[in-house]
Amino acid sequence: MNIDLYLAKLKSLEAKATPGPWMINYSDFDGHGLLDSEGAFIVNKGLTLSDANLIVESQSAIPQLISIIEKQKEALEHCNHSLGPCETIDKALGHEIPE
C-alpha cells in the first residue's frame, strides 16, 4: 500500500462528502438514519444503531486520522534521512526496498 495514494483517496472522499459533524436520527420503527449538521437527512432510515454510530464517528475521525498519519509520516521520513536508510522505516512509508 502506498501511503500517499491512500491519504489522497481519503482526502478526496472526505472533501466530496457532506460536511460534518453528522448526527444520528434515532428511530425504533424503521431503523436509524443520519443527519448533517443542519438537520437534513443524509440517510433516511434502515441503519442499525451500531452502524450509525460507526459512520458518525468515522466521519468525524477521518480528518484527524489523516493529520496524525501525515505527522507520523513526516517524523519517519525525518528519522530515515537523519539516521540513513532503514528498511523498517522504508517499509512503513511504503517505499520500494532494493534487493
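About the thresholds
- Residues numbered from 1 in each chain as written.
- Predicted model: local features only at pLDDT ≥ 70, side-chain atom pairs only at ≥ 80, totals over all residues.
- Heavy atoms only, no water.
- Helix = DSSP H or I, 4+ residues; strand = E, 2+ residues; numbered from the N terminus.
- Buried < 20%, exposed > 50% of the residue type's maximum accessible area, 1.4 Å probe, protein only.
- Contact = heavy atoms within 4.5 Å.
- Areas by Shrake-Rupley, 256 points an atom, 1.4 Å probe, with all protein chains shown as cover.
- Expected span 1.5 Å × (residues − 1).
- Arc of directions from axis to C-beta.
- Pairing = 2+ DSSP bridges.
- Axes fitted to C-alpha atoms, helices over the stretch in contact; angles between N-to-C directions.

The next point concerns the overall build of the protein. Regarding its fold elements, the protein presents three helices and three strands. Its helices and strands taken in sequence order, the protein reads α-β-β-β-α-α from the N to the C terminus. Judged by the C-alpha coordinates and their principal axes, the protein covers about 60 × 25 × 15 Å. Taken across its 99 residues, the protein has 24% of its residues classed as buried. Considering only intrachain contacts with a sequence separation of at least 6, the fraction spanning at least 24 residues in the protein is 29%. Carbon and sulfur atoms provide 58% of the accessible area of the protein, an area that totals close to 7,300 Å².

On to helix α1 (residues 3-16), then. For α1, with 14 residues, the first-to-last C-alpha span of 20 Å sits near the 20 Å given by 1.5 Å per residue. Residues Ile-3, Leu-7 and Leu-10 constitute the buried set of α1. One face of α1 carries all of its buried residues, which in axial projection span an arc of 60°. In this structure, α1 carries Leu-5, Lys-9, Leu-13, Ala-15 and Lys-16 as exposed residues pointing more than 90 degrees from its buried face.

On to unusual backbone geometry, then. In this model, Gly-20 is joined to Pro-21 through a cis peptide bond whose omega is 0°. Note that Pro-21 resides in the loop between α1 and β1 (23-25).

This brings us to the sheet that holds β1. Taken in spatial order, the three strands of this open sheet run β1-β2-β3, and their pairing is antiparallel. Of all strands in the sheet, those with a lone pairing partner are β1 and β3 (41-47), marking the two edges. Averaged over all neighbouring strand pairs, the angle between strand axes comes to 25°, with direction disregarded.

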